[in-house]
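Now for the letters of each chain:
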Amino acid sequence: MDGRVSFDADPVIDFESPADEDGVHDSFSQLIQEQCHDLHDVIEMTPLDLEEDSRGQITPQPILARNRPLRQEVTSDSSLTDLCVSDDVECLEADSDAPQQTDHLIGERWSSDTLKVLSSMPSRTIGRSRGAIISQYCNRTMQLRRRRQSRPSIQHFPRSARPSIRGYGVETDAAGFEEEENKRDRLVNNLQNLSDSDRVRMLRAMPLSLSEKKELRMLVLNKAEHSVSQNQIPCCSQLKYYIIIALRHGWYGWLSFLSSLQLWQTALKCVGGRFGTGVLSYFIFLRTLLFFNVFLFLVTGLLLVVPQAITHPDQDQNITVRSSWGLEVLTGAGYFSHSLLYYGYYNNQTLQTGHSCSASGNGTSCSSGLSYNMPLVYFFTIGAAFFITCIILVYSMSKSFGQSFRIDKSKGLLAIKVFSSWDFKVIKKSSVRLQRANIGTQLKELVAEVNRQEQKFPVLQRLFRLFIHMLAWIMCLGSTLACVLAVYYFSEHMHGDLRNRTQAASSDPLLKEASLLAVPVVVSSINLLLPGFFNVVAWMEKYDSPSMLNYISISRNLLLKVSVLGVLCYHWLGRVATDPQSLGLECWESFVGQELYRFLLMDFIFMLLDTFFGEFLWRVFSQKALKRKRKPVFDIARNVLELIYGQTLAWLGVLFSPLLPAVQIIKLLFLFYMKKVSLKMNCQASGKPWRACQMTTIFITLLCFPAFLGATVCVTYTMWSITPSAGCGPFRGLKNMFQAGKRWVHRLAAVNPDLHWLASAHSYLVENPLFLFLCAGIFLIMIYFHSQVVDGQRKIIELLQEQIENEGEDKKFLITRLQHIHERKRRVTPRPVKGASEACSYS
Amino acid sequence: MGGTSSKLPKDLLSEYQELTFLTKQEILMAHKIFSELQDRENGPYSSRVSMEKVLTLPELKSNPFRKRICHVFSTSDMKDGSLSFEDFLDLLSAFSDSATLEIKSHYAFRIFDFDDDGTLDARDLEKLVNSLTGETDDTRLTAEEMRQLISNILEESDIDKDGTVNLSEFQHVISRSPDFVSSFKIVL
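Since we're looking at a predicted model, the values are computed, not measured.

Another point: the overall build of chain B. If you tally the helices and strands in chain B, you get 11 helices and 0 strands. When the helices and strands of chain B are listed from N to C terminus, the series reads α-α-α-α-α-α-α-α-α-α-α. For chain B, the proportion of its 188 residues judged to be buried stands at 66%. For chain B, contacts bridging at least 24 residues in sequence account for 53% of all contacts bridging at least 6. The averaged location of the 35 negative side-chain charges in chain B is 6 Å from the averaged location of its 21 positive side-chain charges.

Formed by 116 residues in total, the largest nonpolar core has its most connected members in A:Tyr282, A:Phe285 and A:Leu568. Ranked by residue count, the leading element in this core is helix α14 (residues 265–310) of chain A, at 17 residues. Once residues within four sequence positions are removed from consideration, A:Leu568 is found in contact with A:Val487, A:Val519, A:Val523 and A:Phe599. In this structure, A:Val188, A:Phe419, B:Phe85 and B:Leu125 belong to the second largest nonpolar core, which totals 88 residues.

Let us look at the UniProt feature "domain: EF-hand" (unreviewed entry) in chain B. All names here are of chain B. The sites that carry the UniProt feature "domain: EF-hand" (unreviewed entry) are, in the present numbering, residues 100–135 and 145–180. This span, residues 100–135, is 67% helix and 0% strand, and a straight line between its end C-alpha atoms measures 32 Å. Secondary structure over residues 145–180 splits into 67% helix and 0% strand, and the C-alpha atoms at its two ends are 25 Å apart.

Moving on, we get to the UniProt feature "transmembrane region" (unreviewed entry) in chain A. When the UniProt feature table is mapped onto this chain, "transmembrane region" (unreviewed entry) is found at residues 279–306, 377–397, 466–490, 516–537, 558–577, 597–621, 695–720 and 770–787 of chain A. What you have in residues 516–537 of chain A is 95% helix and 0% strand, and the ends, taken at the C-alpha atoms, are 33 Å apart.

Across the interface, helix α20 (residues 429–451) of chain A lies against helix α8 (residues 122–133) of chain B with an axial gap of 7 Å and an inter-helix angle of 125 degrees. What the angle tells us is that α20(A) and α8(B) run oblique. Judged by residue contacts, A:Arg436, A:Ile439, A:Gly440 and A:Leu443 of α20(A) engage B:Val129, B:Ser131, B:Leu132 and B:Thr133 from α8(B). The residue inventory of the contact of α20(A) with α8(B), partitioned by class, reads 4 nonpolar, 3 polar and 1 charged.

If you look at the interface, chain B gives 94 residues, while chain A gives 86 residues. Roughly 8,100 Å² is buried in total at the junction of chain B and chain A, and carbon and sulfur atoms are behind 58% of that figure. For the pair chain B and chain A, the number of links is 3 salt bridges. Note that B:Glu15 is salt-bridged to A:Arg217, the shortest N-O span being 3.4 Å. The tally of links between chain B and chain A comes to 14 residue pairs in polar contact (both at pLDDT 80 or more). Looking at the side of chain B that touches chain A element by element, the count peaks at 9 residues for helix α9 (residues 143–157) of chain B. Partitioned by chemical class, the residues of the side of chain B that touches chain A number 37 nonpolar, 29 polar and 28 charged.

What follows concerns the pattern of salt bridges. Applying the stated rule across the entire model yields 19 salt bridges over all chains. In this structure, A:Lys425 and A:Asp423 form a salt bridge, with 3.9 Å as the shortest nitrogen-oxygen distance. Pair check on accessibility: A:Lys425 and A:Asp423 agree, each one buried. The partner of B:Arg48 in a salt bridge is B:Asp87, with the nearest N and O atoms 3.5 Å apart. Here B:Arg48, found in the loop between α2 (24–40) and α3 (51–54), pairs with B:Asp87, found in helix α6 (residues 85–94); they are 39 residues apart in sequence, far enough to count as distant.

Once that is clear, we can look at the state of the cysteines. Residues and elements named next belong to chain A. As enumerated under the stated definition, the model contains 1 disulfide over all chains in all. Sulfur-sulfur distance for the disulfide between Cys587 and Cys728 comes to 2.0 Å. Because the sign of the S-S torsion sets the handedness, a value of about 95 degrees for the bond joining Cys587 and Cys728 places this disulfide among the right-handed ones. Remark: Cys728 occurs in the loop between α28 (692–721) and α29 (739–751) and Cys587 occurs in the loop between α24 (546–576) and α25 (588–624); sequence separation between them is 141 residues. The two residues Cys587 and Cys728 agree in class, both being buried.

A word on the confidence of the model for chain A. Residue and element names in this part refer to chain A. Confidence in the prediction of chain A, expressed as mean pLDDT, is 74, and 71% of residues score 70 or more. For the stretch residues 1–28, pLDDT sits under 50, and the model shows 47 contacts to residues farther than four places along the chain or on other chains. Confidence over residues 316–321 falls short of pLDDT 50; this stretch has 4 contacts with residues more than four positions distant or in other chains.

Let us look at the side chain of A:Ser420. Residue position: A:Ser420 is located in helix α19 (residues 413–420). On the basis of relative accessibility, which here comes to 8%, the residue A:Ser420 falls in the buried class. A:Ser420 has contacts with B:Ile174, B:Ser177, B:Phe180 and B:Ser183, leaving out every residue within four places of it along the chain.

Moving on to the confidence of the model for chain B. Parts of the prediction with low pLDDT should not have their coordinates interpreted in detail. Residue and element names in this part refer to chain B. Put simply, chain B has an average pLDDT of 85, and 96% of its residues get 70 or more. Across residues 1–5, where pLDDT falls below 50, the model places 11 contacts with residues more than four positions away in sequence or in other chains. Interface confidence for the predicted complex, expressed as ipTM, amounts to 0.87; the pTM equals 0.72.

What follows deals with the packing of aromatic side chains. Under the defined criterion, the tally for this structure stands at 43 aromatic pairs over all chains. Centroid distance A:Tyr343 to A:Phe731: 6.3 Å. Interplanar angle 20 degrees. Geometry classified as stacked. Note that A:Tyr343 is positioned in the loop between α15 (325–331) and β1 (350–351) and A:Phe731 in the loop between α28 and α29, a separation of 388 residues in sequence. Overall, A:Phe731 belongs to the buried group, its relative accessible area being 0%. Aromatic side chains A:Phe424 and B:Phe95 sit 5.4 Å apart centroid to centroid with 45 degrees between the ring planes, which places their arrangement in the tilted category. Linking A:Phe424 in the loop between α19 and α20 with B:Phe95 in the loop between α6 and α7 (101–112), this pair reaches from one chain into another. Each member of the pair A:Phe424 and B:Phe95 is classed as buried. Through a chain of ring-to-ring contacts, three or more aromatic side chains come together here, namely A:Phe419, A:Trp422, A:Phe424, B:Phe65, B:Phe73, B:Phe95, B:Tyr107, B:Phe109, B:Phe112, B:Phe170, B:Phe180 and B:Phe184. The side chain of A:Arg556 reaches across the aromatic face of A:Trp473, ending 4.4 Å from its centre.

What counts as what
Residues numbered from 1 in each chain as written. Chains lettered and ligands numbered in written order. Predicted model: local features only at pLDDT ≥ 70, side-chain atom pairs only at ≥ 80, totals over all residues. Heavy atoms only, no water. Helix = DSSP H or I, 4+ residues; strand = E, 2+ residues; numbered from the N terminus. Buried < 20%, exposed > 50% of the residue type's maximum accessible area, 1.4 Å probe, protein only. Contact = heavy atoms within 4.5 Å. Lys, Arg positive; Asp, Glu negative; His and termini not counted. Charge placed at Lys NZ, Arg CZ, Asp CG, Glu CD. Core = buried A, V, L, I, M, F, W, Y, C linked by side-chain atoms within 4.5 Å. UniProt positions renumbered as here; feature names shortened; annotations may be inferred. Axes fitted to C-alpha atoms, helices over the stretch in contact; angles between N-to-C directions. Parallel < 35°, antiparallel > 145°, perpendicular 65-115°, else oblique. Nonpolar A, V, L, I, M, F, W, Y, C, P; charged D, E, K, R; others polar. Buried area = accessible area lost by both parts, 1.4 Å probe. Salt bridge = Lys/Arg side-chain N within 4 Å of Asp/Glu carboxyl O. Polar contact = N/O pair within 3.5 Å; in protein donor to acceptor, adjacent residues only side chain to side chain. Disulfide = S-S within 2.5 Å. pLDDT = per-residue confidence, 0-100. Phe/Tyr/Trp six-rings, centres within 6.5 Å; stacked < 30°, edge-to-face > 60°. Lys NZ or Arg CZ within 6 Å of the ring centre and 35° of its normal.

Below is the structure:
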């Protein structure tokens, strides 16, 4: 769009001599004549079409009776003149025969006739007139009907109800009114032929007033009733009709029930009203995580915890409840280590009918032949939970991608900013003021940026900036590396320490338990302190664009969290799991579960501390001591990353501790209210622009890609290749957890020889990597095709855009010619072309 | 419409549900709020609520486009921006969560089209920018900046180069801005 020829400033046809002008004029009217001939030919061939089409034209006048005052130039003249390229050229002459009447309007410099033509162009009437909307939707219903092919069309309608170039003629008010009635009839007809759900959707999406929609609906329903009574439908289809109505009512009821379940509706509204969409996206993200955890909790709770709790195993008798209750809540050890919280408590029996029935007294499990194979259920529950979470995540990620990154990537920053930057949710006075100031400065900056030509820094300064960036990255990477090494060696040290304590056996158990908390405390404090350090470094760098700053801060924080988690996973799966005897562990899975519980809890406690010290005390300090008026700004990116970190821990831990999602749910609930209160007390709306939608997409992607994928890889690795502990858990005695399925399939095949194929299928499909490779290959091919399709669409979009630009040129040409003809006919004081066309952009 | 009885008839309620993007609860809530507005109206009882009273709602009170919103959604013959209950529902429906991008952008276009002529021309854009930035001197754009800004906006969005932004061009711009749907919302 670089080579824009502006309508106003550009003399399209640069003719100087009147002779030349005449020539052009002649050729123009010749063109019009020819066009008319052609059109007449076409019209004669399809008389029906013409009739329909002329009905489908736009009538701006009567529509405006609703409430929109048309611009004066138009309303002052009751008979509207349209662009009469179509049927009669006489119209051009007729119009310009009365120059005296319109002379007083030429104050606009652009003649009133031209203005009239301009303002009655279809592209301009859609935005304001009811008739245009109706015909547009008439058209759409037609298309929908054709697409659905639900019923054969009863009548033949014109190819397009949208006014084509043929549809223009002179028209009067009365005719216009009739036109509209006609169009409405057609729309009603079309609507009636749609299926119920389509009709509802169509009516709902029409930008008409409710009373008009009501009228339309009544007309449609009346007609439908009429036709129904004519046809005398049999009673069974009447029954069907009633059932459909009842179902629809039920569906509406269900929908409104669901929407009444909308969690924290008012709280979110309050936050959005004060802090805008950016901060709101943090809370919505938190709510999304909560739903993920509720889902996980429901699945594991119903399928694992409840059946296990019903059948009391006899292993929990030798538990001694110790006094250090408070510490046990923190460490998750002691009393908790032999409870439903951890993997080790679950047994590997098949909860049969028969003997477990008498113990539990549960009627449902007593029903004949029902067996509950705990290892298998454990395996499949975790697998299915991960699988469903994966599908939900990928789905929401792709949806969000589709919304936020359109294929058409042409720039339009200023227009977007002006048209869609106002947040209508913001209702607090001071926030409105802030929002205004923000938009004002942003617009000023953007305009200045457009003006500024490629600012050239001197070489030295550029080198200096490069050096600063390098230094900043080196500092960040170096500190991350140092932290990772610290965590690595510290966890190794604590591991050795724990081993010594177990071997010594004489040390204080309280101290031993407290020492378990050391690693989580260190990791959480690293997570708390290093982002602050990164912020300082970023402040030193002085990035120009705030979005760049966001991305860089996110990537640094992410790098830190991912590498720390990687080291921890190595610690658990590499050190603890391979050599559980040295720690005196009977059940290393429970130990890892406890560790994850501790990390989750410590993360929560540090978040509390951060909220208190980082937000509350800092606000008090900066307001009282530094006498600053401003409150700190809520750091969305860092807070969201912390949420993602916590969720990764929860996903990692669900295998070792099926009730960990419950802990996470409690944590998130607390966090929501705490952050809400802290936000209201301590923070103010941010001055930075926040592209909420793109950021949400990025957060969901981060949640999916490193967080969920990492957790899945770890869990799969554990299931696939680590030997579960022999003394506890549902998988005791197996080489790996994966064998539970295999063993079951083989047993099934042994009992029932007909199912032998199942065993071979299992070994082929699941154990053979070829199948996995095949799946991945097909997946990649699909992605490739999809990207090719998108590429093709982009090309088509470019072509269409070019075509629109050409059409714009044509329009400009026609209008300029029209103006010329008027001026020549009028023979009043001649005006320079340039001056006249300048006003056009302001018309 | 609707104000005389304190409760909405059931069939009307389901009709409203079918024709708007609102849920049952939202319609009932809107009805309650509208009845309160009607009660506060002094003077003889009418089915419409004057613009002044509508603008006392906290959701609209400090919105810079509040008057335009009322004018766009009002079906009054007097063109005074007063709203009937159905107009009020229309308003809430367009600003609701589940309304489509298309209907939202349509009404946004009409709200921004200050002179109701069906296109956004330079004057509309100027008014729009002024409403966005406020009229105080420190936030307001200078004349030169305004001219620059408007010519840039037209350059970016006016595809057919006729000097104004029409509805389709407006919707084209809006469709590239994913945040619009989430920010063009008013929650009761």
